[in-house]
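Residue-level structural notes
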Amino acid sequence: MWSASSIRFGAFLAPYHPLDADPALQLRRDIDLMTHLDHLGFEEAWMGEHHSTGAEIVPAPDMFIAAAAERTERIQFGTGVTSLPYHHPLITADRITQLDLQTRGRLIFGTGPGKIPLDAHMMGINPSDQRRRQGEALEAILALLRGEVVNMETDWFTLRDARAQLPTYRADGIETVTASTISPNGSVLAGKNGLSLLSLAASSPSGFDALDRNWDVYEKVSAEHGHHADRATWRVVNPMFIAETRAEAERAVSRRIGSMASYVNRQTGQNPAWADTPAGIIDQWRNDTLGEFGQAIIGTPEDAIAQIERLIEKTGGFGTFLILHVDMASWEDTKRSYELFASEVVPHFRKRNVGRQASMQFAEDNREYLIGGLVGAITKAHTDYYGQPAETGALRA
């Protein structure tokens with residue numbers, strides 16, 4: 001039985017970075033963020049794969065995860081996602097099993113067809129072939145991860161007596177995830193292969209509207225292929241930046257949010273009037289209908305809670321909520337945003353303070369009895385020592 005108290009929390013990094021800052025420092029800050037998330041108790045952190053357009057600057061999520069894993073203790077890492085059409089399946093399987101061993105089983109293998117059109121263009125891949133190639137690669141990789149010997153030939157790779165020589169860290173293998181946006185393609189692929197589902201576009205209106213439909217597709221296809229669709233392995237993604245007040249959140253992102261809006265608008269050839277000011281961008285992102293970041297939360301812990309509850313109501317429940325991380329604030333403000341989320345948003349859903357609140361309520365409801373007993377005990381002790389009772393005011397002070 002699904003319960004909101006079982007939700008896990010994490011961050012999803014493309015990563016999005018402004019084009020006017022040092023990429024070496026940006027990468028270092030991303031690694032620093034991993035240690036911060038681990039310290040705060042977040043369960044998962046995901047890193048994407050991209051090869052062009054400047055802002056999403058990690059081409060090798062496995063290399064990033066290898067470095068971050070050495071600096072953390074418990075957080076799990078996901079490739080978010082490995083673009084399967086860009087790599088030979090044997091190489092992918094080998095790198096993933098090595099990383100799984102290095103992280104002692106803290107790896108989640110996220111897969112997808114590739115997102116940025118320029119990436120595919122530079123590699124001479126027709127975009128219409130990417131989803132087919134994703135399915136073909138996934139078929140081969142899953143067999144290799146199961147320890148099978150694979151012979152397979154397509155128009156873009158060949159496997160001859162191929163096997164992964166390294167085992168997975170756990171006997172039950174590596175959790176493998178397929179990305180889904182708006183179309184049912186990801187749900188079908190995940191359901192067919194018994195994989196977990198990652199809903200990347202949960203915050204956009206079109207992606208939000210498709211959440212329950214795509215889950216229904218996933219359940220149906222999973223059942224048809226003898227797999228169980230488990231809500232505990234379903235992940236949804238939504239951009240969030242929070243502070244003590246909305247005004248403080250707006251102040252924190254105002255200097256750099258323009259760089260991120262420019263990144264999105266330049267790809268689409270747009271130059272909208274709302275992008276001229278930070279206030280215009282913030283308002284647009286909060287109410288976006290088509291944009292990259294959907295309906296972003298730039299506000300307070302209460303705003304974050306309300307959006308997650310809205311996602312729960314729409315989906316019927318999911319396993320992990322991932323904050324889509326957008327580099328649009330100072331390092332100190334960014335850390336504070338995650339601290340607030342961990343200290344105020346997570347406990348709301350985990351119900352970690354139910355016992356404390358009940359204890360306080362009992363003390364309040366029975367204060368006359370409890371305080372009366374305390375006063376009586378102090379009076380007796382005072383009388384026993386001094387031979388006379390203390391003044392009432394002194395007893396209650």
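Use the structure listed above.
Let me sum up the structure you'll find in this document. The numbers attached to residues start from 1 for each chain and follow its sequence in the written order. Totals for whole chains, interfaces and linings use all residues, but because this is a predicted model, local features are given only for residues with pLDDT of at least 70 and pairs of side-chain atoms are given and counted only at 80 or more. With hydrogens and water excluded, all non-hydrogen atoms of the structure serve as input to the side-chain values.

Here a cavity is any set of points on a 1 Å grid over the protein atoms alone where a 1.4 Å probe fits but cannot get out, and a pocket is any open set with protein on both sides within 12 Å along at least 5 of 7 lines; a residue lines the site when it has an atom within 4 Å of a point. Grid points are joined across faces, edges and corners, and a volume is the space filled by probe spheres set on the points. As enumerated under the stated definition, the model contains two cavities of 30 Å³ or more in all. Its volume calculated, the largest cavity comes out at about 80 Å³. The wall of the largest cavity is formed by Pro239, Met240, Phe241, Leu324, His325, Val326, Met328, Thr334, Ser337 and Tyr338. Those elements that place two or more of their residues in the lining of the largest cavity are strand S10 (235-242), strand S12 (320-326) and helix H12 (331-350). Residues belonging to the lining of the largest cavity are distributed by class as follows: seven nonpolar, three polar and no charged. Estimated volume of the second largest cavity: approximately 40 Å³. As for the second largest cavity, its lining consists of Met240, Phe241, Ile242, Ile323, Ser337, Tyr338 and Phe341. At the level of secondary structure, the elements contributing two or more residues to the lining of the second largest cavity comprise S10 and H12. By residue class, the composition of the lining of the second largest cavity is six nonpolar, one polar and no charged. Strands here mean DSSP runs of E at least two residues long; helices mean DSSP runs of H or I at least four residues long; both are numbered from the N terminus. In this count, Pro and Cys sit with the nonpolar residues alongside Ala, Val, Leu, Ile, Met, Phe, Trp and Tyr, while Asp, Glu, Lys and Arg are called charged and the others, Gly among them, polar.

On to the pairing of S12, then. The cut-offs for exposure are 20% and 50% of the maximum accessible area for each residue type, with area from a 1.4 Å probe on protein chains only; residues under the lower value are buried, those over the upper are exposed, and the others partly exposed. Of all seven residues that make up S12, seven are buried, and the element is covered over most of its length. By the alternation rule, side chains of S12 split into Thr320, Leu322, Leu324 and Val326 and Phe321, Ile323 and His325, which are all buried. Any two strands between which DSSP finds at least two bridges are classified as paired. The pairing of strand S1 (residues 8-16) with S12 spans seven bridges and is classified as parallel. Across the sheet, the residue bridging to tyrosine 16 is valine 326, located in S12.

For helix H13 (residues 354-365), which comprises twelve residues, the first-to-last C-alpha distance of 16 Å matches the rise-based estimate of 16 Å (1.5 Å per residue) to within 8%. Little of H13 is tucked away, with zero of its twelve residues classed as buried. Multiplying 1.5 Å by the helix residue count minus one yields the expected span of that helix.

For the peptide bond that leads from alanine 14 to proline 15, omega is -5°, which places it in the cis range. Examined against the element boundaries, proline 15 turns out to sit in strand S1. Following glycine 80, the chain continues into valine 81 via a peptide bond in cis, with omega recorded as -5°. Summarising the element assignment, valine 81 is placed in the loop between strand S3 (76-79) and strand S4 (82-83). Even without a glycine there, the phi angle at arginine 104 is positive, about 55°. Along the polypeptide, arginine 104 turns up in the loop between helix H3 (89-102) and strand S5 (107-112). Given the relative accessible area of 57%, arginine 104 is considered exposed. Positive phi outside glycine occurs at lysine 351, with the angle close to 55°. Considering the arrangement of structural elements, one finds lysine 351 in the loop between H12 and H13. According to the relative accessible area criterion, lysine 351 is exposed, its value standing at 53%.

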